[in-house]
Amino acid sequence: MKPAPFEYYAPTSVEEALATLQTLGYDGKVLAGGQSLIPAMNFRMARPAALVDLNKVNELFYIKPTSDGGLAIGTMTRDSVVEKDPLVAERFPIVPYVVKHIAHPQIRNRGTFGGAIAHADPAAQIPALSVALNARFLVRKQGGERWVNAEDFFMGPFMTVLEPEEMLAEVVLPPMAKGSGASYQQVSRQKGGYAQAAVISVVVVDENKRCKDARVVLFSVGETPILSQTAPKILVGNVPTAEAIAEVAEKISKEEVDPGTDIHGTAEYRRHLVKVLVRRGLTEAFERAK
Amino acid sequence: MAGKYVHQSILRLEDPELITGNVQFLDDIELPGMLHAAFKRSDYAHARIKSIDVSEARKLPGVIGVYTAEDFGDYIKPGPLQVPPPTAIKGATYVARTTMPIAKDKVRFAGEPVAIVIAESRYIAEDACDLIYVDYEPLEAVVDLEKALQPGSPLVHEDLPSNEAGHVRQERGSWEQAVKEADLVIKRKFFINRNAGAAMENRGIIVQWDKHAKQMTIWCGTQSVIALRNQTAARLGLFESQVRVITPNTGGGFGPKINTSLPDDVLITYLAMKLDRPIKWFEDRRENFLATTSERDQVHYCELAVKRDGTIVGLKDFFYHNTGAYNPYMMTVPLNTQTHTVTNYRVPNFLTEFYVVFTNQMIVTPVRGAGRQYGVFVMERMLDAAARELGMSPVEIRRKNLLPANAYPYYTSIIGQDFVEGVLDSGDYPTSFQKTLELIEYDKFVNEVQPKLRAQGKKVGIGVACFSEGTGVGPYEGARVTVGGNGKVVVTTGYTSQGQAHYTTFAQIVADQLGVDVKDVKVITGDTGYFGWGAGTFASRGITVAGTATHLAAQKVRQKALKLASKILEAPEEELELADGVVRVADIPSKFISLGDLATLANPMRGTMEPGTEPGLEAVAYYGPPYGATGAGAVGLIVEVDPETMQVSLEKMAFVHDCGTPVNPMVVDGQIHGGIQMGIGDAFYEELIYDENGQLVTASFMDYLFPQATDMPKKLVLGHMETPSPLNPLGIKGVGEAGAIPIPSVFTQAVENALQETGVEFDRDTLSPSRIFTYVQQAKGA
């Protein structure tokens, strides 16, 4: 379990990192926290010709408030920093709660917020969280940048819209609307283990408890985070009832997810979990919505 | 039996250095000029090797050599049997196909080495493995245990008529008679899966050949230094004294490290001599999963003959045991299963029969529990099934059939892994069962708590199970106890340590005999340069066998000290006492001599040696028990199952154990805790899964789930009992595997009880929530 030979670059600025990526093209691979990439390299399942290590790029480590009440998170911000940041907890209480479920403390001390998004593991929490919170991503390359909505970013397992010379630089979380409530539900075999099914629910209600928005994002049950189309269709405009929530859960589990059978669970079991978790999650999110 | 130290929970003497990292593990050892090894392993479970092209690999800079079976010539042959065949059992049949150090012509499991690379670094060695091209002709793999014995199955060993590796049938009483007497015969089939003995530290070896001194030094975290030394010497044509095996600090053994004559020790000893450079191989986790021995699958067909009132009249158990591609460890595991099936209960008629089967999977050798838990699992499951069919409670049926406290010694008529008839030396099973029921508050739970929680919609359940553990078997272990001129004591033994606290517990035994401070006793284990006799660390026998040898050696030294002091102090031996590092006259505290001074005087100068005496305050003793000492106990467990997700929460566990005299009760607790955790892994998480082509699909901790600290029961209560073993002077029984043994049984029963209303019944271990879900769906459909 030693990696195949590779070249190693350790830029100290974003400009230098982008220039290096530009030069390397398809040979280059960004190294963030390395909690997924390094094991894959040690198994020789990933054999990048060159690593561009961002750990010395100080300008990528930050959490900044935005004037509209949201947050901007530098791509290299460690998961454990996000988990413990008071501003994050104040503006997005769901975020530290979800981040706590990522693996174990040692891994969160190294793993990064942006790295998890760029890696696009279908079983990872942060990609789904970014979709649920309607995040926007700042993607940079040498001499240019673009903004991509989280919803449009994930193309498949470990595949994103990022081009080889591009780098995810910043994640912007727009503010939670008034009347928001959120919930995270996951089932994994062990504490810190991969989810067999998981759902992040973010709902918004008006003064009359009517649902204004319902973003229900499933993950670990398909190739990318799955933003439910059913949930808003059934819920928006109504006061959510147990029956309506159960209907959403039933429909999502039948129509919107595609879990496979693996050694830890059958597809049937995982589909069943989706139904249970969506129901529990939406119920909790609406209870919390205020 | 309690002393100043024995039976006291003193802190482990080895911990301060371990905790501060001031110790040496195998991978810490770096030698000048050291080379590194990596194995090219088979991608196929079963294939003929048509050709191997190593030319590209040999060209890689930094590669010293690349070797296949061909390069080793006649040196490559199947290794020796690690344990004897079952000739002591009447009618037993077996064939031996022992481990090949490197595949020749054919590979028999995925991960079997086909080439070894020696290079300047492990990185280069692994790069070179990527450049070795093997042309295989894939063959159909033998994976399914029962299909393997059907006519027409592909053969793992083509020189044999079938995949049958052996057959044992033992009977006491008459099963036929039992069926006649019974009111009811209950039949069930059970499946037991395969687990790894994944120690925290993987296997590894460093070999150095000194061509001037003609000495080989091997550093290895083996569980058996003596076997490794002897087999190496025999293979290389050396005297045993030319090979020294040293075990550094070792991070866990759990069974697999008992094996010797494995590819690494066979090939690396040879190459270190040939290349005249030290070589290190340190296994990575993937290799550990693929190519370090693991334990079993078994399929059991079981019948229990009972009376209406729940009295057992007989048990018949017929099972298949998967031994993997080779069987160097013969029948230890299935024999343990066989002997532990009925140990706790009165079963007048018992027929037990098994077939050992070759498959294209990893070799099976003992892992903590070593087959015992599956005998226990089968019996406990059958009792649960009987209780269900007879409308009895699981407690009632067990109480009715437990061996009474006056049954010992109890002759089982069944020959075990040590090839003598199993004898239960001592015990009190009804009391340990009763104590468990009290600690788990069984009656209160069943009568008050459970109905209340069930009314709230909660699925809570309880289970109780009994177990025994045959421990401390022969052949023997030895120890030397030496008092130095500084008054401190050194204990050396051929036994090896992987974290079991021998440095503390052996010292406690000696300190009590010699009246010294326990901190003044240094224990050296697992170094053939110090002590060259012994068998190895297995079968929960450390404290029972090596501990007793240590005790006997310390007693001899005590006698020597008293004799010499009596002369010097001019007082009869009966009036002397050993305490505080001196020998003194009991009534005259000022009249004493220190042990150190005595040790100095025990090395006579010219003209003072008395004929017929031996020098030194030193003695060697050996201990070989007639048969093993049997520990036992019972466990209760309360679980809550999420009725929708089937997630299982372990709310409370009560574990009562009897290992005779606990030399250090805190260490015993630690063994129980660790064993329970491993048992939880067994019951709920751990599973080596091979696909239909014999590929291991769980070759990392991402896929192979290992119990974590967070998986322990929320509340764990231990209860201890002490019925001393009459077999050894301290009354000790082993405890190393106890914790692991009854957990699958109790877990299964408790989950079943929680889901009682669904009518679900489980016929296997490793009950993942998904599996529980499937069973419940099937039960609902039924």
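Residues numbered from 1 in each chain as written. Chains lettered and ligands numbered in written order. Predicted model: local features only at pLDDT ≥ 70, side-chain atom pairs only at ≥ 80, totals over all residues. Heavy atoms only, no water.

Colleague: How would you explain the interface of chain B and chain A if you had to name every residue and give the values?
Modeller: At the junction of the two partners, chain B supplies 32 residues and chain A supplies 27 residues. Summed over both sides, the interface of chain B with chain A buries roughly 2,600 Å², with 53% coming from carbon and sulfur. At the boundary of chain B and chain A, one finds six salt bridges. For A:Arg44, the salt bridge goes to B:Asp130, with nearest N and O atoms at 2.8 Å. Applying the counting rule to chain B against chain A returns 18 residue pairs in polar contact (both at pLDDT 80 or more). Residue composition of the side of chain B that touches chain A, grouped by class: eleven nonpolar, ten polar and eleven charged. (Contact = heavy atoms within 4.5 Å. Buried area = accessible area lost by both parts, 1.4 Å probe. Salt bridge = Lys/Arg side-chain N within 4 Å of Asp/Glu carboxyl O. Polar contact = N/O pair within 3.5 Å; in protein donor to acceptor, adjacent residues only side chain to side chain. Nonpolar A, V, L, I, M, F, W, Y, C, P; charged D, E, K, R; others polar.)

Colleague: Lay out the packing of helix α12 (residues 267-288) of chain A against helix α19 (residues 769-781) of chain B with the relevant residues and their values.
Modeller: Interaxial distance between α12(A) and α19(B) falls to 9 Å at its minimum, and their mutual angle equals 95°. When the interaxial angle is binned, α12(A) and α19(B) end up roughly perpendicular. Of the residues in α19(B), those touching α12(A) at A:Glu268, A:Tyr269 and A:His272 are B:Pro769, B:Ser770, B:Phe773 and B:Gln777. Its residues assigned to classes, the contact of α12(A) with α19(B) shows three nonpolar, three polar and one charged. (Axes fitted to C-alpha atoms, helices over the stretch in contact; angles between N-to-C directions. Helix = DSSP H or I, 4+ residues; strand = E, 2+ residues; numbered from the N terminus. Parallel < 35°, antiparallel > 145°, perpendicular 65-115°, else oblique.)

Colleague: Go over the side chain of A:His264 with me, naming the residues and quoting the values.
Modeller: Relative to the assigned elements, A:His264 resides in the loop between α11 (242-256) and α12. A residue is classified by how much of its surface remains accessible, and A:His264, at 15% relative accessible area, is buried. Of the polar contacts made by the side chain of A:His264, one reaches the backbone oxygen of B:Asp703; its length is 3.3 Å. The contact partners of A:His264, leaving out residues within four places of it in the chain, are A:Arg189, A:Gln196, B:Met702, B:Asp703, B:Leu705, B:Ser768 and B:Ser770. (Buried < 20%, exposed > 50% of the residue type's maximum accessible area, 1.4 Å probe, protein only.)

Colleague: Provide a residue-level description of the pattern of salt bridges, including the pertinent values.
Modeller: All names here are of chain B. Scanning all chains against the criterion turns up 58 salt bridges over all chains. Across the pair aspartate 27 and lysine 280 runs a salt bridge, and its minimum N-O distance is 2.9 Å. Of the two residues, aspartate 27 sits in the loop between α1 (15-19) and β1 (35-41) while lysine 280 sits in strand β13 (residues 279-282), which places them 253 residues apart along the sequence. Note that arginine 398 and glutamate 380 form a salt bridge whose closest N and O atoms lie 2.7 Å from each other.

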